[in-house]
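Coordinate inspection notes
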Amino acid sequence: MKSIFAPRRLLAALALAGIAGVAQADITLGYQTGIDPTKVPQADGTYEKAIGEKLDWRRFNSGAEVVTAIASGDVQLGNLGSSPLAAATSRGLPIVAFIVTAQINAAEALVVRNGSKIEKPEDLVGKTIATPFVSTSHYSLLGALKHWNIDPSKVKIVNLNPTEIAAAWRRGDIDGAFVWSPALGEIKRSGKVLTDAAEVGTWGAPTFEVWVARKDFAEKHPEVLAKFARVTLDSFADYNAHKAQWTADSEQAKKIARLTGASPADVPELLAGSAFPETQAQLSSALLGGGTAKDIAGTAAFLKEQKRVPSVLKDYSPYVSAEYVRQAESVQVGQR
């Protein structure tokens, strides 16, 4: 987490990584445990077939960890939420968001424990609430507290990653958590949802997820990003067209569960908690055509207000590109 807020360390890591991280034959990707359709082609090896390169998939617990790995040169492509993305770009980390992988709705939520005596927002005062710091869930939690006029300092907010949250919940160490899957599915079984990212988004704090690439890698290997985007968009189209078939006992749910640690029984509901935009939506003014950069700016402004970043940029558009999704339209992979 701290590495996001240490610009000298980031720049030093980038300088040390140099071109070495790009010159490697193998491509390393940092993914997280969010429930989305891309986990199916990941499990099937479809990305490898499309790109024609060996891919090293590394699982991370938070976007902050992904940012650190990208900065060091260990990871070329990474999956981030909008909050760590805003923090990283505000620090000048040379990355580019090239596809929006989820518009987060109910896929992230604030769940309070049964028996915690939290029945309404005001009851959060004095309680222990966990969330991964500088994540989309953290951003949503702070946005909810602001909407409810609750001073965050009046709530004991602790920094735990999703795995730690699930363990702390089982031990009874926390009263609630704002988090994503698979921890979300687990804690909901003995808790209730106080709010979720969809509702907080209507209050002015929308969240989303993207895949980013190091700019040096993107410039040298645009075809890799275009092929990656093609496979991703195909997975979105498949899910959006056949949602009813992605049941708990489906092969898709089982593959997603194996990669993320979620229960297959929770996968359909968790998938329904996000929107997965297809090509035209990606290219629209609402997303890669301008809206994503504006949303990053809005997130950064909020983080600055919360003293999570010291300053914001005048323009975040250099950190977003629709070019690779455009190129993906002409890419032929698999059955296409």
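Just so it is clear, the structure is predicted and the values come from calculations on it, not from any experiment.

1. With respect to the overall build of the protein
Of regular secondary structure, the protein possesses 17 helices and 11 strands. Its C-alpha atoms give the protein a radius of gyration of 19 Å, within 12% of the compact-globule value 20 Å for 336 residues. Along the longest, intermediate and shortest principal axes, the C-alpha atoms of the protein span 55 × 50 × 35 Å. Counting the 336 residues in the protein, one finds 57% classified as buried. For the protein, contacts bridging at least 24 residues in sequence account for 81% of all contacts bridging at least 6. For the protein, the accessible area works out to roughly 13600 Å², and carbon and sulfur atoms hold 50% of it.

2. A word on the UniProt feature "domain: Solute-binding protein family 3/N-terminal" (unreviewed entry) in the protein
The sites that carry the UniProt feature "domain: Solute-binding protein family 3/N-terminal" (unreviewed entry) are, in the present numbering, residues 26–250. The span residues 26–250 carries 40% helix and 24% strand; its end-to-end C-alpha distance comes to 32 Å.

3. With respect to the sheet that holds strand β2 (residues 55–59)
In spatial order, the strands read β2-β1-β3-β10-β4-β11; together these 6 strands make up an open sheet with mixed pairing. Each edge of the open sheet is held by one strand with a lone partner, namely β2 and β11 (274–275). One ladder, built from 5 bridges, connects strand β3 (residues 77–81) with strand β10 (residues 208–214); its direction is antiparallel. Each residue of the ladder has a partner; that of Gly78, found in β10, is Val212.

4. Comments concerning the sheet that holds strand β6 (residues 128–131)
The strand order β7-β6-β8-β5-β9 describes an open sheet built from 5 strands, whose pairing is mixed. The sheet is open, and its two edges are formed by β7 (156–159) and β9 (191–196), each paired on a single side. Pairs of neighbouring strands in the sheet enclose a mean axial angle of 25 degrees, with direction left out of account. Sheet analysis places strand β5 (residues 109–113) next to β9, joined by 5 bridges and oriented antiparallel. If you follow Val111 over to β9, its bridge partner there is Val193.

5. Looking at the domain arrangement of the protein
Each assigned domain of the protein is listed here: domain 1 (27–103 + 207–330) and domain 2 (108–203). Contacts between domain 1 and domain 2 engage 27 residues on the former and 23 residues on the latter. Summing the contributions of domain 1 and of domain 2, the shared interface buries around 1900 Å²; its carbon and sulfur component is 59%. Put simply, Asp266 and Arg189 hold a salt bridge, and the shortest N to O gap is 2.6 Å. Inspection of the domain 1/domain 2 interface yields 6 residue pairs in polar contact (both at pLDDT 80 or more). Elements supplying a minimum of two residues to the side of domain 1 that touches domain 2: α6 (82–90), β10, α14 (267–272) and α16 (291–305). Top contributing element to the side of domain 1 that touches domain 2 by residue count: α16, with 5 residues. Looking at the side of domain 1 that touches domain 2 residue by residue, the class counts come to 8 nonpolar, 14 polar and 5 charged.

6. Things to note about the nonpolar core
Ranked by internal contacts, the top residues of the largest apolar core, which has 106 residues, are Leu77, Ile95, Phe98, Leu124, Ile174, Trp211 and Phe228. Ranked by residue count, the leading element in this core is helix α12 (residues 222–241), at 8 residues. Counting only domains with at least three residues in this core, you end up with domain 1 (27–103 + 207–330) and domain 2 (108–203). In contact with Leu77, not counting residues within four places along its chain, are Ile27, Thr28, Leu29, Gly30, Phe98, Trp211, Val212, Ala213, Phe217, Leu225 and Phe228.

7. A few points about the side chain of Thr260
With respect to the secondary-structure elements, Thr260 resides in helix α13 (residues 251–260). For Thr260, a relative accessible area of 0% corresponds to the buried category. Looking at Thr260, its side chain comes within polar contact range of the main-chain nitrogen of Ala262, at 3.2 Å. Contact partners of Thr260, with chain neighbours within four places excluded, come to Thr33, Gly34, Ile35, Lys39, Arg59 and Pro182.

Thresholds, definitions, all that
Residues numbered from 1 in each chain as written. Predicted model: local features only at pLDDT ≥ 70, side-chain atom pairs only at ≥ 80, totals over all residues. Heavy atoms only, no water. Helix = DSSP H or I, 4+ residues; strand = E, 2+ residues; numbered from the N terminus. Rg over C-alpha atoms; globule rule 2.2 N^0.38 Å. Buried < 20%, exposed > 50% of the residue type's maximum accessible area, 1.4 Å probe, protein only. Contact = heavy atoms within 4.5 Å. Areas by Shrake-Rupley, 256 points an atom, 1.4 Å probe, with all protein chains shown as cover. UniProt positions renumbered as here; feature names shortened; annotations may be inferred. Pairing = 2+ DSSP bridges. Axes fitted to C-alpha atoms, helices over the stretch in contact; angles between N-to-C directions. Domains from an automatic or database assignment. Buried area = accessible area lost by both parts, 1.4 Å probe. Salt bridge = Lys/Arg side-chain N within 4 Å of Asp/Glu carboxyl O. Polar contact = N/O pair within 3.5 Å; in protein donor to acceptor, adjacent residues only side chain to side chain. Nonpolar A, V, L, I, M, F, W, Y, C, P; charged D, E, K, R; others polar. Core = buried A, V, L, I, M, F, W, Y, C linked by side-chain atoms within 4.5 Å.

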